[in-house]
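As a plain string of letters, each chain reads:
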Amino acid sequence: MSQSGTRKLDWQSKEMQARVRRRYVRERRFRRVGLGAVIIAASFLAFLLFTITSNGIGGFRRAELALDLNYDPAILGIQASDSSEEAAATAVSRADFRPLLASAAQAQLGDSSLVSEGAWLAVRDQVVEDPSLIGTTQRVWVVGAPNMDILAKGQVDFDLAPDRRGVSTATVAAYRTLREEGRIRLAFNSGFLTQADSTNSELAGIWGALIGSILTMAITLGISFPLGVMTAVYLEEYAPKNKLTDIIEVSINNLAAVPSIIFGLLGLAVFLNTFGMQRSAPVVGGLTLALMTLPVIVISSRVALKSVPPSIRDAALGIGASRLQVILHHLIPVALPGILTGTIIGLSRALGETAPLLLIGMRAFVSDVPEGVTEPATVLPVQIFLWSDEVGRGFVEKTSAAIMVLLTVLLSMNAVAIYLRNKFERRW
Amino acid sequence: MSLGAFALVLLALATLSYVAARARARAFKVDSHHHVHSRPSYHGLRAGLTALVPAGLLILAWGIVGDGVVAEQTLSQLPEASRPAPGLDKQAFLNEVRGVVSGELPAAFRPAANEAVPIYRSTQQSWTLLIGGLAVLLALIGGGYAWLRTAPDVRARTQVEMFATVVLALASLIAILTTLGIVLSLLYESLEFFSRVNPLEFIFGTQWSPQTAIRADQVGSSGAFGAVPLFWGTIFIGAIIAMLVAIPLGLMAAIYLTQYARSSTRKILKPLLEILAGVPTVVYGYFAALTVAPAVRDLAISVGIESASSESALAAGSVMGIMIIPFISSMADDALSSVPGAMRDGSFALGATSSETIKRVLVPAALPGIVGGVLLAISRAIGETMIVVMAAGQAANLTANPLESVTTVTAQIVQLLTGDQEFDSAKTLSAFALGLVLFIVTLMLNIYALTVVKRYREAYE
Amino acid sequence: MPDATVVHDEVVMADGAKMTARDVDVFYGEKQAVDKVSIDVDSHYVTAFIGPSGCGKSTFLRCFNRMNDTIDIARVGGRIELDGKDIYDPKMDVVQLRARVGMVFQKPNPFPKSIYENIAYGPRIHGLASAKADMDEIVERSLTRAGLWNEVKDRLDESGTAMSGGQQQRLCIARAIAVDPEVILMDEPCSALDPIATARIEELIDDLRGNYAIVIVTHNMQQAARVSQRTAFFHLGNLVEYGGTEAIFTNPRADRTRDYITGRFG
């Protein structure tokens, strides 16, 4: 390299050209690595959704078997003397339908175990609804046993040795006969969406957990939304600059980052052990999640309130509105979309939360749909967790199907949040 | 009469006070010509609130603590022999009693519970009458007083606004109360734990086997509470494996999205990453346990590592890493976009390529922001629970082999608190000690990271 | 059109200039920022672009090293050549172009690195020094030329952002000349500086003139008069008049130039 000031680089020289080429190669490689990172993340998402869907789609269908049922009052143990309508209804609801189904299955299918152990429940409900069925013979589609389910869905690998397939050759033969007779079908699994948990995978449904989630979320929303908005209004509009305000702000920022399981410990120690509230109840779960959601709502509400231009506040104050009137009539309406967006995001996080609810006992096996916020209940994510521990093909399918429902709910909540944000985003 | 009925009576009384006071205010507006401070509806609100608030608070407070008080009183009236053991047994006992009282259960299974039902019912009834009557009385006094004091010179609007301010300020105190609640409950239970187990053993011990404590009266029931394997497992999965996955992918994704992708591409890809952040952790956990863990094990076995566990640190850590990607990417995105455009221009004007500019100017300039983001991500990863509960296992191994099973602080908390054990055993209490450690560590990480990020943002403003 | 480009006699628009621009248009989206501007820039001269703000002079300047590429909505038409080669030719390598046509910005923008690393950055990415000693030499020479060496030689490890504004700007100039450019573009380099620092930069520009073609955008007419030999006056995206600085300031031919120089607008 020359010392003189007139030194000029020879950009056309071979080395320089090669160097520039190498730099461009590196540039392209770096860019591809970046794109690769995005693609890896996106394909993981795609793979996850694909796995869950392909595992879970079967959960929305179930095998049903055709049985000709003779609703014989004698087998059902219903006396002819139950003449009054009310007495008849009670008698039907108390009647034991199991022998009826077992004998019909034994006679018509050759094996009573092909029918689900809980199939009689649906049959009973049908008769309770329409007592005139008693004494008649009807062809009824009843829920099949799990092995019928996997055979009908083609989930048995016939390449395996017969003793490793999980279903006996006799069952396979029975299934083939039924199929030829047209006595087996795959139908929409309405029970999955309308029933609560069950120990029988073919009868387990998410309705109970869904109601549990809705009750819990109602409590969470009912507490965290007003408290969150009020806190945000106070901090933005009233709070003096002092130590206490600083402590409140620090608390909120830190609560937003505290691991969710810590809130579970709080709920356990305070709500259950100190206040003696009901274990496993949506009200406790809702309270716990409300404390977790509160900071999210406060932070997003403050951002929304901050973005209201001062001119609006000044205008309202200028015509003699009181402080509260300014807030209620002007600030909150303008900031509402932002507040709602934050609330939905906070709620969707609470809806997907599992760990804190495990600690306050919302993992109980609940086979009844909860009817109030103080009854034992479980929620959708916990139901997923519980089912994921169950062995058996049937529950794998149910777990994935429940995840599909949960993800659908969450994604639509997020879509609403994004829609709100885009629709009402104002530029001042 | 139930508490709910009393609450309805209260509402009715408050409405009555509102209407009456408003009417009175309207009346003096007509016959007096001098200036009236507040509009009639404010006088109404003032009276309504005076009637409602003290009584309502009473009812609310009773609603929260009432069940507990009634339960304790009922139990104390039972003969010693019929009382249930504390903990879960007591819970179940009370559930039965309450079930019968509310009419959901025809009868309790335990004879003792059946015995308790009438006591519970009468205790509850007398308390409800007492509290409800008191509340109604308070409402009558409050509403009546406010109605009598309704006068033109009363600054009702100022008072109502004052009330609103106080309510808002009280609402904002909930955040402090929550923090206090967390700190106090964790501290209280942890101190209880440390009175039984030496804190030094807990923090430095390498043996973790709380499961030996099945009954309090058993020999050797204290178990071993050396939490080092848990701390290590937490760091190994959350701060090492997950970050090895999340930092490169998240950072490169942010770089691609902010520096290379056209805005139309960005509009599609960014929400995709956000979806990844919105998937509940239980779904990741299920996916890790069902799909990733077996795949990792099979892969390890196929390359000749026979000891590979089906609950490996690698499976849990890498899925957690994927979960953290959007978090790192959005933090890095923020950090990169707050680097002034002049830096980029300066580098481009010297003939640097994009990648040279990014690697040598933008990333170094954004480094404090990125590091702060990574620290926040680590704090989130070590507090994450469901993935490790479902995919990492419960074996407290002190190993650096990612194919072996390790357990974490959060997984142990869940494990310890979901078993059937009485509440104040060392095993259960240890969960709170673990929670305290987790809380302190994440808190410090967050505070430090937020300061770094804040200082960094100010540097470029 | 009354204000078609007026070119003074002493500035010959001819091939063989270091850089030539012919009929250059720049659009930002729908808005036209520069309208059919033709100009020559030559070595050993300082060329000043003057005009009221928003006249397109900075935009036009950024065309000479294709910095407008970094703005998505900017579109450049016409032809700009460096040593007779079209710089907007797809075969033209923008990395080399920017190394040959350096740029100094309005606001000093040192990298948040040490003073040494700020200078070494360009040579390093272009591979201009293989050994540490070579790099040390480049750093010293660049800082010396920028008149900064004596001030900073004992604190080369300190951050470039910790210096005063004037020093930062001289550091940016040193950074630009470290890659040995042929042309240096300066976009209002003194607008963020105090008068003393401005005077130092102006001296520096004068010193550098011998080795480079320098183009400086300024809205300070005294500065244009002090440092440049040639001046181009822009107004509303048009080049109004181009000629020797002396002639433009003493004897402007276009009315708009006269009005601007005498302070009637701008």
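Residues numbered from 1 in each chain as written. Chains lettered and ligands numbered in written order. Predicted model: local features only at pLDDT ≥ 70, side-chain atom pairs only at ≥ 80, totals over all residues. Heavy atoms only, no water.

All names here are of chain A. The domain boundaries assigned to chain A delineate domain 1 (14-57), domain 2 (60-188) and domain 3 (207-425). Using only C-alpha atoms to locate each centre, domain 2 and domain 3 end up separated by 44 Å. Taken together, the contacts link 5 residues of domain 2 with 5 residues of domain 3. Where domain 2 abuts domain 3, roughly 390 Å² becomes buried across the two surfaces, and 59% of that area is made up of carbon and sulfur atoms. Connecting domain 2 to domain 3 are 1 salt bridge. Between Lys-153 and Glu-397 there is a salt bridge, with the nearest N and O atoms lying 2.7 Å from each other. Our count for the contact surface shared by domain 2 and domain 3 stands at 2 residue pairs in polar contact (both at pLDDT 80 or more). Looking at the side of domain 2 that touches domain 3 residue by residue, the classes come out as 2 nonpolar, 1 polar and 2 charged. (Domains from an automatic or database assignment. Contact = heavy atoms within 4.5 Å. Buried area = accessible area lost by both parts, 1.4 Å probe. Salt bridge = Lys/Arg side-chain N within 4 Å of Asp/Glu carboxyl O. Polar contact = N/O pair within 3.5 Å; in protein donor to acceptor, adjacent residues only side chain to side chain. Nonpolar A, V, L, I, M, F, W, Y, C, P; charged D, E, K, R; others polar.)

Among the surface-exposed residues, Arg-21, Arg-22, Arg-26, Arg-28, Arg-29 and Arg-32 of chain A together with Lys-359 and Arg-360 of chain B lie close enough to one another that they form a single positively charged patch. Among the elements of the structure, α1 (14-56) of chain A together with α12 (354-383) of chain B are those that each provide at least two residues to the positive patch. The leading source of residues in the positive patch is α1 of chain A, at 6 residues. By secondary structure assignment, the location of Lys-359 of chain B is in helix α12. According to the relative accessible area criterion, Lys-359 of chain B is partly exposed, its value standing at 42%. (Patch = residues over 30% accessible without salt bridge, like charges linked within 9 Å, V, L, I, M, F, W, Y side chains within 5 Å. Areas by Shrake-Rupley, 256 points an atom, 1.4 Å probe, with all protein chains shown as cover. Lys, Arg positive; Asp, Glu negative; His and termini not counted. Charge placed at Lys NZ, Arg CZ, Asp CG, Glu CD. Helix = DSSP H or I, 4+ residues; strand = E, 2+ residues; numbered from the N terminus. Buried < 20%, exposed > 50% of the residue type's maximum accessible area, 1.4 Å probe, protein only.)

In the numbering used here, UniProt assigns the "domain: ABC transporter" (unreviewed entry) feature to residues 19-261 of chain C. Each end of residues 19-261 of chain C is marked by a C-alpha atom, and these two atoms are 27 Å apart; helix forms 38% of the span and strand 26%. (UniProt positions renumbered as here; feature names shortened; annotations may be inferred.)

Between chain B and chain A, the residue contacts involve 82 residues of the former and 77 residues of the latter. For the pair chain B and chain A, the summed buried area comes to about 6900 Å², and 76% of that belongs to carbon and sulfur atoms. Interface area lost by chain B to chain A is led by Leu-168, Tyr-286 and Phe-287 of chain B, which between them contribute 10%. At the junction of chain B and chain A, the tally comes to 1 salt bridge. The leading source of residues in the side of chain B that touches chain A is helix α5 (residues 156-194) of chain B, at 20 residues. Class assignment for the residues of the side of chain B that touches chain A results in 51 nonpolar, 23 polar and 8 charged.

Take the pairing of strand β1 (residues 61-70) of chain A next. Residue and element names in this part refer to chain A. β1 sits mainly inside the fold: 7 of its 10 residues count as buried. For β1 and strand β3 (residues 184-188), the ladder comprises 5 bridges, and the chain directions are antiparallel. Note on β3: the bridge partner recorded for Ala-63 is Leu-186. Bridge count between β1 and strand β2 (residues 137-143): 7 bridges; the pairing is antiparallel. Within β2, the residue paired with Glu-64 across the bridge is Val-143. (Pairing = 2+ DSSP bridges.)

Residues and elements named next belong to chain B. For Ser-405, the location among the structural elements is in the loop between α13 (386-391) and α14 (409-417). A distance of 3.0 Å separates a polar side-chain atom of Ser-405 from the backbone oxygen of Ala-392. Contact partners of Ser-405, with chain neighbours within four places excluded, come to Ser-309, Glu-311, Ala-392, Gly-393, Ala-395 and Asn-397.

Once that is clear, we can look at the nonpolar core. One broad trend across soluble globular proteins is that nonpolar side chains are buried collectively. By size, the foremost hydrophobic cluster in this structure holds 252 residues, and its most contacted members are Ile-262 of chain A, Ile-255, Tyr-284, Ile-324, Ile-413 and Leu-434 of chain B together with Leu-143 of chain C. Ranked by residues supplied to this core, first place goes to helix α7 (residues 228-260) of chain B with 18 residues. In contact with Ile-262 of chain A, not counting residues within four places along its chain, are Ile-182, Leu-186, Gly-435, Leu-438 and Phe-439 of chain B. (Core = buried A, V, L, I, M, F, W, Y, C linked by side-chain atoms within 4.5 Å.)

Before going further, it helps to examine the environment of Val-95 of chain C. Among the structural elements, Val-95 of chain C can be located in helix α2 (residues 94-100). When near neighbours in sequence (up to four residues on either side) are disregarded, Val-95 of chain C contacts Arg-23 and Tyr-24 of chain A, Gly-351 and Thr-353 of chain B together with His-126 of chain C.

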